[in-house]
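# Residue-level structure breakdown
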Amino acid sequence: MSPAEPISQAYSLALYMQKNTSTLLQTYLQHQGSPFSDPGFSAPELQLSSLPPASVPFKIWHALDDRERLSQAQGAFLALTQHLQLVGDDQSDLNPGSPILLAQLGVARLRAQGLLGNVAAIMNALGLPIPPEEDTLGVVPFGASAFERKCRGYVVTREYGHWTDRAVRDLALLKAKYPA
């Protein structure tokens, strides 16, 4: 099987996802109250140890081989799928009267799952080993405060956008490398 078809499918999905990431983040922030909903809110210093950051120095990113590039995407979208489920559960509790937000989180999780499957198909077509699925969340602090859960959701929705942007760039490289 040629890798061109699964790469093209993944690239199309990633582009589609990219169009919706800023809407998801803005909707999320609007439903959290201050300081999240304040104009210009940004907290780039907030990270989750269970979620790999998408940012990487350009030289390192450019030097990645196909296996490394796809394995990192696979790990990230597996983690995002699990984290988006957790954020959806948190928001069902914190904002039960927000069906638009809950629907957007659910759709983002399903799209992340779809891209995860597409990346696995590309790896399979290239004869690369698919990393085993693992529980990226680990132990979740169920006693987390509402503010901590809102911060976690912010980081997840923000990183979903960053990883989607990176996936578009990664897949564009692969698309050029393995034309139809």
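Not measured: the values here are computed from a predicted model.

What counts, and at which threshold
- In this numbering scheme, every chain counts its residues from 1 along its sequence in written order.
- Only residues with pLDDT of at least 70 are given local features in this predicted model, and only at 80 or more are side-chain atom pairs given and counted; all residues enter the totals for whole chains, interfaces and linings.
- Remark: hydrogens and water are excluded; side-chain values derive from all non-hydrogen atoms of the structure.
- Numbering goes from the N terminus for both helices and strands, where a helix is a DSSP run of H or I of at least four residues and a strand is a run of E of at least two.
- Each radius of gyration reported is based on C-alpha atoms, and the globular scaling rule is 2.2 Å times the count of residues to the power 0.38.
- Burial classification: accessible surface area is computed with a 1.4 Å probe over protein chains only, and a residue below 20% of its type maximum counts as buried, one above 50% as exposed, and the rest as partly exposed.
- Here, Shrake-Rupley sampling with a 1.4 Å probe gives the accessible areas, and only protein chains in the shown set may cover a residue.
- Residues counted as positive are Lys and Arg, residues counted as negative are Asp and Glu, and His and the chain ends are not counted.
- For the purpose of locating charges, the reference atoms are NZ of Lys, CZ of Arg, CG of Asp and CD of Glu.
- The nonpolar core is taken to be a set of buried Ala, Val, Leu, Ile, Met, Phe, Trp, Tyr and Cys residues, with the residues joined through side-chain atoms within 4.5 Å.
- In what follows, a contact means two residues having at least one pair of non-hydrogen atoms within 4.5 Å.
- What pLDDT reports is the predictor's confidence in each residue, on a scale of 0 through 100.
- Cavities and pockets were defined on a 1 Å grid built from protein atoms only: a cavity is a group of points that admits a 1.4 Å probe but offers it no way out, a pocket is an open group of points flanked by protein on both sides within 12 Å along at least five of seven lines, and a lining residue is one with an atom within 4 Å of any such point.
- Grid points are joined across faces, edges and corners, and a volume is the space filled by probe spheres set on the points.
- The residue classification treats Ala, Val, Leu, Ile, Met, Phe, Trp, Tyr, Cys and Pro as nonpolar and Asp, Glu, Lys and Arg as charged. All others, Gly included, are polar.

## Observations regarding the overall build of the chain
- For the chain, the helix and strand inventory stands at five helices and zero strands.
- Against the globule reference of 16 Å for 180 residues, the chain gives a C-alpha radius of gyration of 17 Å, in line with a compact fold.
- For the chain, the proportion of its 180 residues judged to be buried stands at 44%.
- Counting only carbon and sulfur atoms, one obtains 58% of the accessible surface of the chain, whose full area is about 9,100 Å².
- Positive and negative side-chain charges of the chain, numbering 14 and 16 respectively, have mean locations separated by a distance of 6 Å.

## Brief notes about the nonpolar core
- Ranked by size, the top nonpolar core spans 43 residues in total, and within it Phe77, Leu115, Tyr154, Tyr160 and Leu171 carry the most contacts.
- Of all elements in the fold, only helix H1 (4–30), helix H3 (66–94), helix H4 (99–125) and helix H5 (146–177) reach the threshold of two or more residues within this core.
- Once residues within four sequence positions are removed from consideration, Leu115 is found in contact with Ala10, Leu13, Ala14, Met17, Phe77, Ala167 and Leu171.

## A few points about the confidence of the model for the chain
- Per-residue confidence for the chain gives a mean pLDDT of 94, with 98% of residues at or over 70.
- Model confidence for the chain, summarised as mean pLDDT per element, is weakest for helix H2 (residues 58–63) at 94 and strongest for H4 at 97.

## Some thoughts on empty space enclosed by the protein
- Counted under the stated rule, the structure contains one cavity of 30 Å³ or more.
- In this structure, the largest cavity encloses a volume near 60 Å³.
- Considering the residues around the largest cavity, the lining is formed by Arg69, Leu70, Ala73, Phe77, Leu115, Val119, Ala167, Asp170 and Leu171.
- At the level of secondary structure, the elements contributing two or more residues to the lining of the largest cavity comprise H3, H4 and H5.
- The dominant element in the lining of the largest cavity, judged by the number of residues it contributes, is H3, at four residues.
- Class assignment of the residues belonging to the lining of the largest cavity gives a composition of seven nonpolar, no polar and two charged.

## Comments concerning unusual backbone geometry
- Omega for the bond connecting Ser34 with Pro35 falls within 30 degrees of zero, at 5°, which places this linkage in the cis form.
- Structurally, Pro35 can be placed in the loop between H1 and H2.

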